Amino acid sequence: GQQLNQSPQSMFIQEGEDVSMNCTSSSIFNTWLWYKQDPGEGPVLLIALYKAGELTSNGRLTAQFGITRKDSFLNISASIPSDVGIYFCAGTQGGSEKLVFGKGMKLTVNP
Amino acid sequence: SAVISQKPSRDICQRGTSLTIQCQVDSQVTMMFWYRQQPGQSLTLIATANQGSEATYESGFVIDKFPISRPNLTFSTLTVSNMSPEDSSIYLCSLGGRETQYFGPGTRLLVL
C-alpha cells in the first residue's frame, strides 16, 4: 500500500536548537497530520493541515502542506528536553478516512 | 477532543490464548479504527469499525484473527485470537475521520 517517506529517521540535538523533519509521497494527499508519541503513550496530534501551501503554527511548532500536495514538513524551534519522542507524519488520500503513516523520527534533545 | 480510554493498558499472555481489548470514548463517534504498532515500528491500520456494520479489514488482517465488535457509538473491542509471540505489539484505537484522528493510550501486549 501507499507509504510515506519520513526523514530523517532520528536526530540528536542540543537544547535550544531548531529541528526540521519532512515527509514525502509519490502521490497526492488531501490531509497531512503530525503526531508526537511519548514512550508508553498513544500518538498525540500536534498539527493538522488541509490545503496545499498551508502554513500552520502551534507554539514552537510550524508545519506546512507542500504546494504539490505530495509533501509536508514540521519544524520545532528552540527545542527543550520535553520535545523528546517520536514524531510521525500521517495523511489521508481521496475520500478515504484511512490514515497512512510515516515510519517516524526519533528526537533526542541533550540538555 | 474526545477522551479515549483502553483496557487493559498492558498484558502478558501465553501463546495460543486470546485477549480482548476494550476502547471506550466519552462521546458518540461514528468511525473508530484499530491500529497495531509493532516494536520500534510505525502504526498499521488493522480495521475500521463502524457501529451497525461489520468491520472492514485491511490487507493482511482477517476477522478470524482480529474479531472486532462495535455495539454502540462509544465502545469497541478488538480481540487478538490464538496469539503467538509475533502478536506482541501495541494495539491502539482511534476515532475521527479523514480530517483528523485522535488515539487512545494503547494496550501493550507481550505474548510469551
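About the cut-offs
- Residues numbered from 1 in each chain as written.
- Chains lettered and ligands numbered in written order.
- Predicted model: local features only at pLDDT ≥ 70, side-chain atom pairs only at ≥ 80, totals over all residues.
- Heavy atoms only, no water.
- Helix = DSSP H or I, 4+ residues; strand = E, 2+ residues; numbered from the N terminus.
- Rg over C-alpha atoms; globule rule 2.2 N^0.38 Å.
- Buried < 20%, exposed > 50% of the residue type's maximum accessible area, 1.4 Å probe, protein only.
- Contact = heavy atoms within 4.5 Å.
- Areas by Shrake-Rupley, 256 points an atom, 1.4 Å probe, with all protein chains shown as cover.
- Lys, Arg positive; Asp, Glu negative; His and termini not counted.
- Charge placed at Lys NZ, Arg CZ, Asp CG, Glu CD.
- Patch = residues over 30% accessible without salt bridge, like charges linked within 9 Å, V, L, I, M, F, W, Y side chains within 5 Å.
- Salt bridge = Lys/Arg side-chain N within 4 Å of Asp/Glu carboxyl O.
- 1 Å grid on protein atoms, 1.4 Å probe; cavity = no way out; pocket = protein on both sides within 12 Å on 5 of 7 lines; lining within 4 Å.
- Points joined across faces, edges and corners; volume = space filled by probe spheres on them.
- Buried area = accessible area lost by both parts, 1.4 Å probe.
- Nonpolar A, V, L, I, M, F, W, Y, C, P; charged D, E, K, R; others polar.

Novice: So what's going on with the overall build of chain B? Residues and values would help.
Specialist: In terms of regular secondary structure, chain B is built from zero helices and eleven strands. Helices (α) and strands (β) of chain B occur, in sequence order from the N terminus, as β-β-β-β-β-β-β-β-β-β-β. A compact globule built from 112 residues should have a C-alpha radius of gyration of about 13 Å, and chain B, at 13 Å, falls within 12% of that. Overall, chain B is about 35 × 25 × 20 Å in size when its C-alpha atoms are taken along their principal axes. Out of the 112 residues in chain B, the part that is buried amounts to 51%. Taking contacts inside chain B between residues at least 6 apart in sequence as the whole, the part at least 24 apart equals 51%. Summed over its atoms, the accessible surface of chain B is roughly 5,300 Å², and 49% of this surface lies on carbon and sulfur atoms. Charged side chains of chain B number 8 positive and 8 negative; the gap between the two group centres comes to 6 Å.

Novice: Tell me about a nonpolar patch on the surface, and name the residues and values.
Specialist: Residue and element names in this part refer to chain B. A cluster of nonpolar side chains, namely Ile12, Leu110 and Leu112, defines an oily patch on the protein surface of about 280 Å² accessible area. On the secondary structure map, leucine 112 appears in the segment after β11 (107-111). Looking at leucine 112, the relative accessible area reads 46%, which means it is partly exposed.

Novice: Hey, could you go over the side chain of threonine 100 of chain B for me, with residue numbers and the actual values?
Specialist: By the secondary structure assignment, threonine 100 of chain B is in the loop between β9 (89-96) and β10 (101-103). In this structure threonine 100 of chain B comes out as buried when scored by relative accessible area, which is 18%. Leave out the neighbours within four places in its chain, and threonine 100 of chain B touches Leu33, Leu45 and Tyr50 of chain A together with Leu95 of chain B.

Novice: Requested: an account of the layout of surface pockets, with residues and values cited.
Specialist: Size it by volume and the largest pocket reaches roughly 1,200 Å³. In this structure, the largest pocket is lined by 50 residues; those nearest its centre are Phe101 of chain A together with Gln41, Ser42, Leu43 and Thr44 of chain B. At four residues, strand β11 (residues 105-110) of chain A tops the list of elements feeding residues into the lining of the largest pocket.

Novice: Go over the interface of chain A and chain B with me, naming the residues and quoting the values.
Specialist: Note on interface size: it is often stated as the accessible area lost on association of the parts. The interface is formed by 21 residues belonging to chain A together with 20 residues belonging to chain B. For the chain A and chain B pair, buried surface summed over both sides reaches about 1,600 Å², with 54% attributable to carbon and sulfur atoms. When residues of chain A are sorted by the area they lose upon contact with chain B, Glu97, Lys98 and Phe101 of chain A head the list and together hold 32% of the total. Counting across the interface, chain A meets chain B through one salt bridge. When the shortest N-O distance is used, the salt bridge between glutamate 58 of chain B and lysine 98 of chain A registers 3.0 Å. When contributions to the side of chain A that touches chain B are tallied by element, the ones reaching two or more residues are β4 (31-37), β5 (44-49) and β9 (85-92) of chain A. In terms of residue count, the dominant contributor to the side of chain A that touches chain B is β4 of chain A (four residues). Per-class residue counts for the side of chain A that touches chain B are nine nonpolar, eight polar and four charged.

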